[in-house]
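Chain and residue survey
Listed here are the chains, written in short residue letters.
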Amino acid sequence: MAGKKDPGCESGGGPLLLVDGSSYLFRAYHALPDLKTSDGLHTGAVRGVIGMLRKLAKDYPNSPIAVVFDAKGKTFRNDLYPQYKANRPPMADDLAEQIEPIHQIIRAMGLPLLIIPGVEADDVIGTLAVQATEERRDTVISTGDKDMAQLVSDHVTLVNTMTDTRLDRDGVIDKFGVPPERIVDYLALMGDPIDNIPGVDKVGPKTAAKWLHQYGTLEGVLAAADEIKGKVGENLRAVRDQLPLSRDLTRIKCDVDLDVHVADLCPEPPNREALASLFHRLEFRGWLAELEGEASPADGSNGAAESAPAPSPAAALRWTVIDGWDALDDWLARMKAADLVAFDTETTSRSYMDAALVGLSFCVTPGEAAYLPLGHDYPGAPRQLPQEETLARLKPLLEDDGRPKVGQNLKYDMSVLGRYGIEVRGVRHDTMLESYVLNSVVGRHNLDDLARRHLGQETIRFEDVAGKGAKQIGFNQVPVDRAAAYSAEDSDVALRLHETLWPRLEAEPKLRSVYEDIEVPLVSVLSRMERNGALVDGARLEAFSAELSERMEALREQACALADEVFNLDSPKQLQAVLYDKLCLPVLRKTPKGQPSTAEEVLQDLARDYELPRLVIDYRILAKLKSTYTDKLPMQINAATGRIHTSYHQAITATGRLSSSDPNLQNIPIRHAEGRRIRQAFVAPPGRRIVAADYSQIELRIMAHLSGDAGLAAAFAAREDIHRATAAEVFGCGLEAVSDDQRRSAKAINFGLIYGMSAFGLGRQLGISRALAQEYIDRYFERYPGVRAYMEGTRALAREKGYVETVFGRRLYLPEIDSKNPARRQGAERAAINAPMQGTAADIIKRAMIGVDRWLCDTGVDALLIMQVHDELVFEVAESQVETLVEEVRARMEQAAELSVPLVVDTGVGRNWDEAH
């Protein structure tokens, strides 16, 4: 009811929440991508600040919230010290434009917003916290500013919404090494270069805490300045007169003359119309849908106007249950007459090889759908049409290529129905792929997220109908009416998503071609390949697993002998103690918490000079193989087929490459013998062989094509060993004079540069100085100037357009290309250079798969496409048809794209995958 006082304002409510809005602002700006509206308004910081406020309100549902921002202009600290914050650059324009929208949303949420001239947000928060403490009211300050630790007391705690951590008195001591009442002294000793507060040169957190622990206070430290030895003592004595001023600058003023008292910080009812208008203008579609769809606003406020419950998202959908032959015939007639049919399957498992069909839903007109239950078997379940006969009636329509169909992630539905003897044809559209092709990096492409993003609709979730965790039931146990609402909504949403996304694809001819000519045709190819599966020798893997256990134990014993103590090689803490505390190995890098690192790359560097790190690396390699492959793969062999059936994903990677899971076949190592032994367990049945066909150096060939570099193109046209040719250019010698080490270095340069490797990274990989690595890179670009020009041009184009394209027109958007964070911006620039090559390679192998699959289906050759891994296709073929398969596959793969340099495919044949490589 309007005007009703929020109970959180009373002393018996939750703690008072004081938000450091200025801290939120800068942290959100640097942490989030540079989001923009369609008309170019920057919104990343807005989304971040409001998102943190919403989370805070959710975490403290009974607490009033007040938000405090710094005011423009100078403060009393500038009077004390004119150079205060003098080094700070002016606020970036793209951040400045977001401040007013943030303030507008906060006010529309009904939250008190305080901006007090002459002081900082810290001072306002400190004053309010003291007022609350005087009234014995608990206060939570939400900030990321370490200066606020001085305010912590029995009644005041800090919370960091970005790291989800809290600091009470003990937490301050643990983090800083001093109690809250000594934080001001601690900060004064260190100084603050960001705020231009002078401190003691070379004094950091550890020294400051040590001095205060030893001498008690800043005054105690100053009194003992003459007895502190060394350079740091000299530095202290040099600024002894300055430190009291530094302390005054860091001390939060807790007696600001405010027009508002802590008791006045009560939220008002949110202005829903203003919020809706702001969310619409800023294109926060999810929040807008949430605001319009809920009775009480999810806007972070704590005083909501009362209103009638809003209808659920599914309420506007008319759905029916097909429970008789007449109803089925009616829907069959509707589907035959429709231009496009949306459908979805409901099953008992996410694994297509184990899933039992429970029902199907159909939609041909938005807002009206039907559910066909076929496998609900809970006690009291209604009678359902017989599954076998019903599927026989559906089969002609589902297999009719002339009946266009749409759905969400239809590969799964095709694979499930394929096990029931129905080969789905006529798939024209898949909303997951429509979204993915339009923008692969915008977010996830599942139905729930797409509905929220594009339709402003919160869908019924699986957990809503089947429960969660240990109490979750199978879909066959879900009551038919609930199942109908859930499944019918899925088909309806898929159809409406298509009607939203397809016009956008139609308007982009290149993207439409990627979608229609590559992604959609690939769905049926992947479905068949998944169901084909790969035959795996489980007994061989189990024997190898036992061998790995023995070798790991031997390595463990050797490591313990070297350390002269028994320790757990799997424990980073124990390994850290052995390497650095006991053996005193050099600390090359530290963890974010300041501990010596035991990360893989650190151990690799140490292993050049010390034996124990090498043993640990070898142990980790074997442990990873054992836990990931030799132990797991035998358990993933399907009992019915004796094969492993992975799941390929088209809409996961940013560049268009396929990924796989359960198991992940993309990461089986091949660079060492142990990894190759995993591949030896992927075998051919008697009378058959494994054929592997692998694109040779495809990304380098694409680089030659994209860059137009004459030197690279000539080397590929002459079918030279490109790494040897590069070595001859870089090291200034003839091809025949190139040594193996030089070829290895050239290979690192070739691949390193297209992945954006720096001179530091190259030097580290080759074990040479950074200067020498830079010399190699400079020489490479001198010999291949087209490559340098391509890289520079691509960076510029990416900044101009915000995306890069593959040869076939697939786009990779780069939201961080103009980021103010150097690391993020440089990462986006590396992606801009590499993505066209990776993406084009992905497009080429997908086109090859479509062509090869079509040939296999048309000719009836006794061969199966069983795996796709990186740039390689793997087949299982009858021995009598090996030569035919090799010839035809190589031809189709090499003709999958027309580049300015030839595509080359290497093929191999064997009794197992490793032999065929």
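Residues numbered from 1 in each chain as written. Predicted model: local features only at pLDDT ≥ 70, side-chain atom pairs only at ≥ 80, totals over all residues. Heavy atoms only, no water.

On to the overall build of the protein chain. Helices and strands together make up the secondary structure of the protein chain, namely 35 helices and 22 strands. Its C-alpha atoms give the protein chain a radius of gyration of 33 Å, within 12% of the compact-globule value 29 Å for 917 residues. Judged by the C-alpha coordinates and their principal axes, the protein chain covers about 95 × 80 × 55 Å. Taking the contacts inside the protein chain whose residues are at least 6 apart along the sequence as the reference set, 68% of them involve residues at least 24 apart. Of the roughly 41000 Å² of accessible surface on the protein chain, a fraction of 49% belongs to carbon and sulfur atoms. Seen as two clouds, the 108 positive and the 136 negative side-chain charges of the protein chain have centres 2 Å apart. (Helix = DSSP H or I, 4+ residues; strand = E, 2+ residues; numbered from the N terminus. Rg over C-alpha atoms; globule rule 2.2 N^0.38 Å. Contact = heavy atoms within 4.5 Å. Areas by Shrake-Rupley, 256 points an atom, 1.4 Å probe, with all protein chains shown as cover. Lys, Arg positive; Asp, Glu negative; His and termini not counted. Charge placed at Lys NZ, Arg CZ, Asp CG, Glu CD.)

Let us now look at empty space enclosed by the protein. If you walk through the whole model with that rule in mind, you get 5 cavities of 30 Å³ or more. As for the largest cavity, its lining consists of 15 residues, of which Tyr-29, Leu-32, Pro-33, Asp-34 and Lys-820 are closest to the centre. Elements with a minimum of two residues in the lining of the largest cavity: α1 (21–31), α2 (44–59) and α4 (93–108). For the lining of the largest cavity, the residue count by class is 5 nonpolar, 5 polar and 5 charged. (1 Å grid on protein atoms, 1.4 Å probe; cavity = no way out; pocket = protein on both sides within 12 Å on 5 of 7 lines; lining within 4 Å. Points joined across faces, edges and corners; volume = space filled by probe spheres on them. Nonpolar A, V, L, I, M, F, W, Y, C, P; charged D, E, K, R; others polar.)

Of the residues in the protein chain, 96% have a pLDDT of 70 or more, and the chain-wide mean is 89. Under a pLDDT of 50 for its full length, residues 1–8 has, in the predicted model, 15 contacts with residues more than four places off or in other chains. Counted against residues more than four places away or in other chains, residues 295–315, with its pLDDT under 50, gives 50 contacts. (pLDDT = per-residue confidence, 0-100.)

Taken as a whole and assessed by the stated rule, the structure comprises 64 salt bridges. Across the pair Glu-829 and Arg-799 runs a salt bridge, and its minimum N-O distance is 3.2 Å. Here Glu-829, found in helix α34 (residues 822–859), pairs with Arg-799, found in helix α33 (residues 785–801); they are 30 residues apart in sequence, far enough to count as distant. The class for Glu-829 is buried, based on a relative accessible area of 17%. A residue is classified by how much of its surface remains accessible, and Arg-799, at 38% relative accessible area, is partly exposed. Ionic pairing is found between Glu-915 and Arg-911, a salt bridge with its closest N-O pair at 2.8 Å. The class for Arg-911 is exposed, based on a relative accessible area of 53%. (Salt bridge = Lys/Arg side-chain N within 4 Å of Asp/Glu carboxyl O. Buried < 20%, exposed > 50% of the residue type's maximum accessible area, 1.4 Å probe, protein only.)

What follows concerns unusual backbone geometry. The amide bond that connects Asp-662 to the next residue, Pro-663, takes the cis arrangement and shows omega of 0°. Turning to its location among the elements, Pro-663 is positioned in the loop between β16 (659–661) and α26 (673–679). Its identity as a non-glycine residue notwithstanding, Lys-85 has a phi of 60°, on the positive side. Among the secondary structure elements, Lys-85 is positioned in the loop between α3 (76–80) and α4.

Moving on to the pairing of strand β9 (residues 357–365). Counting buried positions along β9 yields 8 of 9 residues, so the element is predominantly enclosed. Bridging between strand β8 (residues 341–347) and β9 involves 6 bridges; their strand directions are antiparallel. Bridge pairing links Glu-346 to Gly-359 in β9. As defined by bridge partners, β9 adjoins strand β10 (residues 368–373) across 6 bridges and the pair is classed as antiparallel. Pairing of Gly-359 across the sheet is with Pro-373, part of β10. (Pairing = 2+ DSSP bridges.)

So, on to helix α17 (residues 431–438). Where burial is concerned, most of α17 is hidden: 8 out of the 8 residues are buried. Every buried residue of α17 is accounted for by Thr-431, Met-432, Leu-433, Glu-434, Ser-435, Tyr-436, Val-437 and Leu-438. In this structure, the buried residues of α17 make contact with β11 (405–407), β12 (427–430), α18 (447–455), α20 (480–506), α21 (509–532) and β19 (811–813). One side-chain oxygen of the residue at the start of α17 lies 3.0 Å from the amide nitrogen of Met-432, identifying that residue as Asp-430. (Polar contact = N/O pair within 3.5 Å; in protein donor to acceptor, adjacent residues only side chain to side chain.)

The subject of this paragraph is the sheet that holds strand β22 (residues 905–910). Pairing is antiparallel across the open sheet formed by 4 strands, whose spatial order is β20-β21-β17-β22. The two strands at the open ends of the sheet, each matched to only one other strand, are β20 (863–869) and β22. Across this sheet, the average inter-strand angle for adjacent strands is 20°, counted without regard to direction. On the sheet, helix α35 (residues 882–894) packs against β17 (688–695), β20, β21 (872–878) and β22 and is oriented at approximately 20° with respect to β17. (Axes fitted to C-alpha atoms, helices over the stretch in contact; angles between N-to-C directions.)

This part is about the packing of aromatic side chains. The geometry of an aromatic ring pair is captured by two quantities: the separation of the ring centres and the angle between the planes. The full count for this structure, using the stated rule, is 13 aromatic pairs. Ring geometry for Phe-462 against Phe-475: centres 6.2 Å apart, planes inclined by 25°, an arrangement best described as stacked. A residue pair is termed long-range when its members are at least 10 positions apart, and Phe-462 in helix α19 (residues 462–466) and Phe-475 in the loop between α19 and α20 qualify at 13 residues. Considering the side-chain rings of Trp-502 and Tyr-515, the 5.9 Å spacing of their centres and the 45° angle between planes classify their relative orientation as tilted. On the criterion of sequence distance, the pair formed by Trp-502 in helix α20 and Tyr-515 in helix α21 is long-range, its members being 13 residues apart. Under the relative-accessibility criterion, Trp-502 is labelled buried at 12%. Using a relative accessible area of 0% as the deciding quantity, one classes Tyr-515 as buried. Among the aromatic residues, those joined into a ring-pair cluster are Phe-279, Phe-284 and Trp-287. It is Arg-334 that lies over the ring of Trp-331; its NZ or CZ is 4.5 Å from the centre. Geometry around Tyr-803 places Arg-811 over its ring, the cationic atom sitting 4.4 Å from the centre. (Phe/Tyr/Trp six-rings, centres within 6.5 Å; stacked < 30°, edge-to-face > 60°. Lys NZ or Arg CZ within 6 Å of the ring centre and 35° of its normal.)

Looking now at the packing of α2 against α4. Angle between the axes and distance between the axes: these two values describe a pair of packed helices. Running from N to C, α2 and α4 point in directions that differ by 35°, and their axes come no closer than 8 Å. Where α2 crosses over α4, the handedness of that crossing is right-handed. Facing α2, whose interface residues are Gly-44, Ala-45, Val-46, Val-49, Ile-50 and Leu-53, α4 presents Leu-95, Gln-98, Pro-101, Ile-102, Ile-105 and Ile-106. The residue inventory of the contact of α2 with α4, partitioned by class, reads 10 nonpolar, 2 polar and no charged. (Left-handed = near helix turned anticlockwise from the far one by under 90°.)

Moving on: the environment of Asp-906. As for its position among the elements, Asp-906 is in strand β22. Between the alpha carbons of Asp-906 and Glu-872 there is a distance of 9.2 Å; along the sequence they are 34 residues apart. If we ignore the near neighbours within four places in the chain, the residues touching Asp-906 are Ala-692, Ala-693, Asp-694 and Ser-696.

Next up on the list: the sheet that holds β12. Reading across the sheet, the 6 strands line up as β7-β10-β9-β8-β11-β12 and stay open at both edges, with mixed pairing between neighbours. Of all strands in the sheet, those with a lone pairing partner are β7 (318–321) and β12, marking the two edges. Neighbouring strand axes in the sheet, compared pairwise and without regard to direction, differ in orientation by 25° on average. Across the sheet, α20 is in contact with β7, β8, β9, β10, β11 and β12; its angle to β9 comes to roughly 45°.

With that settled, consider the packing of helix α29 (residues 722–731) against helix α30 (residues 740–754). Direction vectors running N to C along α29 and α30 enclose 100°, while the axes themselves pass 8 Å from each other. Between α29 and α30, the interaxial angle falls into the category roughly perpendicular. Contacts between α29 and α30 involve Ile-722, His-723, Arg-724, Thr-726, Ala-727, Val-730 and Phe-731 on the former and, on the latter, Asp-740, Gln-742, Arg-743, Ser-745, Ala-746, Lys-747, Ile-749, Asn-750 and Phe-751. The class makeup of the residues in the contact of α29 with α30 is 7 nonpolar, 5 polar and 4 charged. (Parallel < 35°, antiparallel > 145°, perpendicular 65-115°, else oblique.)

Once that is clear, we can look at the nonpolar core. Core analysis: the biggest nonpolar cluster contains 115 residues, and Phe-682, Tyr-695, Ile-844 and Met-867 have the highest contact counts within it. Counting residues per element, this core draws most heavily on α34, at 11 residues. If we ignore the near neighbours within four places in the chain, the residues touching Tyr-695 are Ile-844, Ile-845, Ala-848, Asp-871, Met-893, Glu-894, Ala-896, Leu-903, Val-904 and Val-905. If you look at the next biggest cluster of nonpolar residues, it comprises 49 residues, including Ile-125, Leu-187, Ala-188 and Val-239. (Core = buried A, V, L, I, M, F, W, Y, C linked by side-chain atoms within 4.5 Å.)

Quick look at the side chain of Asn-912 now. Mapped onto the secondary structure, Asn-912 falls in the segment after β22. Residue Asn-912 is classed as buried on the basis of its relative accessible area, which comes to 7%. At a separation of 2.8 Å, a polar atom in the side chain of Asn-912 contacts the main-chain amide nitrogen of Glu-915. The residues touching Asn-912, leaving out its near neighbours within four places in the chain, are Arg-540, Arg-679, Gln-680, Phe-682, Val-683 and Ile-690.

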